[in-house]
Each structure stands twice: as C-alpha cells, then as structure tokens.
Amino acid sequence: MKRKNHIFFFRHLDSTNIQAKKLAEKGAANGTLVWALNQSMGRGRLGKKWASVSGKGLYLSFIIRPEIDFGEYAKITLVAGVATARFLKQELDDAKGKLALKWPNDLLIDGRKIAGILTEATAPTKTQKAAIIIGIGVNISYEKDDFPKELCTQATSLLLETEKKRALQPLVRSIQKNIQSAVADFEAGHFPQLLNEWRSMDYLYGKEIDCVGLDGKIISGKALGPDNTGVLFIEDRYGNRHEILSGDLRLAGKTLAEKGQEL
Ligand code: BTN
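Residues numbered from 1 in each chain as written. Predicted model: local features only at pLDDT ≥ 70, side-chain atom pairs only at ≥ 80, totals over all residues. Heavy atoms only, no water.

(A) Looking closely at the sheet that holds strand β2 (residues 33-39). The strand order across the open sheet formed by seven strands is β1-β2-β3-β7-β6-β5-β4, and the pairing between neighbours is mixed. The strands lining the two open edges of the sheet, one partner per strand, are β1 (7-13) and β4 (99-102). Between one strand axis and the next, the sheet turns by 20° as a mean value, whatever way the strands run. As judged from the seven bridges shared by strand β6 (residues 112-121) and strand β7 (residues 132-139), these two strands associate in the antiparallel manner. Pairing of Ile-117 across the sheet is with Ile-136, part of β7. Sheet strands in contact with helix α2 (residues 73-91) are β3 (57-64), β4, β5 (106-109), β6 and β7, and its direction is about 145° off that of β6. (Pairing = 2+ DSSP bridges. Helix = DSSP H or I, 4+ residues; strand = E, 2+ residues; numbered from the N terminus. Axes fitted to C-alpha atoms, helices over the stretch in contact; angles between N-to-C directions. Contact = heavy atoms within 4.5 Å.)

Here it is in structure tokens:
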C-alpha cells in the first residue's frame, strides 16, 4: 500500500496512541507517525500505565493500513518487536545475547525492560478499513531515579546501557525506517523470516513461567514460544499445551513482591 512519511510532532500529549487513533479515524495516511516529547496518560498493555519523562524517551505511534486480514493483526506486534530490536541493536555496541524479546511486546536488555509496544486498531467504518496503531515507548535518557520506584531494578535505558547521550530526532528517523522496512516485509509475505528473527531473541523460550490471565487464572509451565500465527504456547507439567492469547507473563519462582511488578 502507498505510504506517507508524515510526522505529527507534539511537545505534550495525553497519549500518542490516543492521538494516532483520532488521526486515523479522520483518514490519516498509511505510514503517518505521531511523536510526543511527553505524555500524561501513556498507556501500556493490559490497562497498565506507561510512565513518560519529558524528552527522555521515545513516545511514538505509527498508523499503518496494511493489506491484511483481521486474523493477522496479532502478528503486527511481533513484527514491530523485530523492528524495534533491529533499531536497538544499531544503538548498542554489544547487543548480541543481551537484547531479548519477551512475548508479546517487551524488549529487554539483560532481563531489564527498555521498550514496550502497544498495538491497537481503530474500528472499521462503511468507508474506511480499520487502521492499526503501533505504539512504541523506548527508554532513551532515563537515569535510575527517573523510573517509578517499584520498577527501577527492572528497567533500563540506552543511556544506562551505553553511557552515551543521544538526540531524539535521529532516533525517531531510525526507528521509523526500521518499522517501515519490517512492515513492508510482512506485507510481502515474509512473516516466517520475521518470526525466525523474533524467535532468535525469545527471552522466555524453554523457561518455566506463570501466565496470569485477565480473569486472574494462572497457567504455569514451560514456554514453547510463539507458533506460526504468533500465539504463545505453554506446556504444563502434565504435558498439556495451552494456547496463550493474552496475559501477564512472569518467570516462575519469583518472589511475590517481584511478581507484583512488570516482569
Ligand atoms: C507496554 O509495555 O505495556 C506497552 C507500552 C507502550 C507505550 C507506548 S509510549 C507511545 C505509545 N503511546 C501510548 O500511550 N503507549 C505507547
């Protein structure tokens, strides 16, 4: 599909995803990007908040209108994860082995979260197909004290990893290029290759995990990674396989205090 490179820049927004949804509903073109220096209501997955610190992170939402069926939408988060991982690798000198993806939407360095993805869709109308909003938050210049207290041991930033200060604008261009290229590959039918790349960075693969469902039910077992449709599978101790469509995933055996937090 034809793509535009429009960037809507804001000093302050409630949430770039909310703004991107509004623009998409008004017909914003495929490829439009919403960028804010700060957000007062940054949204995370499963109704969580995404704490935003002015000028210290990337708060971005891409509007895409891919030629795909509704059933394929879940794969977009994984595609965006690969694109964000490629972007981070370009910024980290020694990312190999340290950078990982945690299904479905987290990017971690040495187990600490550096970025998260929140994919949402607009409702289709009589005249317009649904648009997909890929919201990405990346911790760029966060210092330890910038994170909420309960997250400071579990989160990191490019500054903390590399001790290098960065201007935001070139980073926005770089992540935009990576998203455009990965989405184009996806539309061209290369999801299997993108999924292989995703799997090569799978943080949970083979680990014992707990998945807390939206109803509070916990499924425990070994993570088998996402299948060809992007859905995660867990094998419990009786050998039963569980399909995970959503939920909060934590490594098994963590303390209760740790389990109450993001990872
Ligand atoms: C998560 O890890 O739960 C997903 C976090 C996604 C945060 C980004 S910041 C830019 C965009 N706007 C939002 O309100 N959320 C996403």
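Here the narrative resumes, following the displayed structure.
(B) Summary view of the sheet that holds strand β11 (residues 241-244). Ordered in space as β11-β10-β9-β8-β12, the five strands form an open sheet in which the pairing is antiparallel. Edge positions in the sheet fall to β11 and β12 (248-251), since each has one partner strand and no second. Within the sheet, the average angular offset between the axes of one strand and its neighbour, ignoring direction, is 45°. Bridge count for strand β10 (residues 232-235) against β11 is four bridges, and the pairing is antiparallel. Along β11, the bridge assignment pairs Glu-235 with Arg-241.

(C) How the structure looks around the side chain of Ser-141. Mapping Ser-141 onto the fold places it in the loop between β7 and α3 (158-162). The residues contacting Ser-141, other than those within four sequence positions of it, are Gly-55, Lys-56, Asp-146, Ser-157 and Leu-159.

(D) Up close: the nonpolar core. Counting residues in each nonpolar core, the largest one holds 58 residues, and the members touching the most others are Leu-58, Leu-88, Ile-134 and Val-138. Among the elements that take part in this core, α2 stands out by supplying ten residues, more than any other. Leu-23, Ala-28, Ala-36 and Ile-133 belong to the second-largest nonpolar core, a separate cluster that totals ten residues. (Core = buried A, V, L, I, M, F, W, Y, C linked by side-chain atoms within 4.5 Å. Buried < 20%, exposed > 50% of the residue type's maximum accessible area, 1.4 Å probe, protein only.)

(E) Just the packing of α2 against helix α5 (residues 191-199), in detail. Two elements in contact, α2 and α5, have axes whose closest approach is 9 Å; the angle formed by their N-to-C orientations is 60°. Here α2 is positioned oblique relative to α5, judged by the angle of their axes. Note that α2 runs across α5; the crossing there is left-handed. Listed contacts from α5 to Lys-75, Leu-78, Val-79, Val-82 and Arg-86 of α2 are Phe-191, Leu-194, Leu-195, Glu-197 and Trp-198. Across the contact of α2 with α5, the residue classes break down as seven nonpolar, no polar and three charged. (Parallel < 35°, antiparallel > 145°, perpendicular 65-115°, else oblique. Left-handed = near helix turned anticlockwise from the far one by under 90°. Nonpolar A, V, L, I, M, F, W, Y, C, P; charged D, E, K, R; others polar.)

(F) Structural detail: the packing of α2 against helix α4 (residues 168-187). Here α2 crosses α4 at 140°, and the two axes come no closer than 9 Å. For the element pair α2 / α4, the angle class is oblique. When you trace α2 past α4, the crossing you get is right-handed. Along the contact surface, α2 presents Lys-75, Ile-76, Val-79, Ala-80, Ala-83, Thr-84, Arg-86, Phe-87, Gln-90 and Glu-91, while α4 presents Leu-171, Ser-174, Ile-175, Asn-178, Ile-179, Ser-181, Ala-182, Val-183 and Phe-186.

(G) Representation of the environment of Val-138 in the model. Mapped onto the fold, Val-138 is located in strand β7. Measuring from C-alpha to C-alpha, the distance between Val-138 and Trp-103 comes to 17 Å, with 35 residues separating the pair along the chain. Sequence-distant contacts of Val-138, defined by excluding residues within four places in its chain, comprise Trp-50, Gly-57, Leu-58, Phe-87, Leu-88, Ile-114, Ala-115 and Ile-175.

(H) Molecular detail of the confidence of the model for the chain. Mean pLDDT over the chain stands at 91; residues scoring 70 or higher make up 94%. Here residues 255-263 is a poorly scored stretch, pLDDT under 50, and it has 22 contacts once near neighbours within four places are set aside; other chains count. (pLDDT = per-residue confidence, 0-100.)

(I) Main features of the site of the ligand. Around the ligand, 21 residues are found, and the nearest of them are Ser-15, Thr-16, Arg-43, Arg-45 and Lys-113. A distance of 2.7 Å separates an oxygen atom of the ligand from a polar atom in the side chain of Ser-15. One of the side-chain nitrogen or oxygen atoms of Lys-113 is found 2.6 Å away from an oxygen atom of the ligand. With the chains in place, 99% of the 410 Å² that the ligand exposes on its own is no longer accessible. Put simply, the parts of the chain that give the shell around the ligand at least two residues each are α1 (16-25), β3, β6 and β7. Element by element, the count of residues in the shell around the ligand is highest for β6, at four residues. (Near = heavy atom within 4 Å. Polar contact = N/O pair within 3.5 Å; in protein donor to acceptor, adjacent residues only side chain to side chain. Areas by Shrake-Rupley, 256 points an atom, 1.4 Å probe, with all protein chains shown as cover.)

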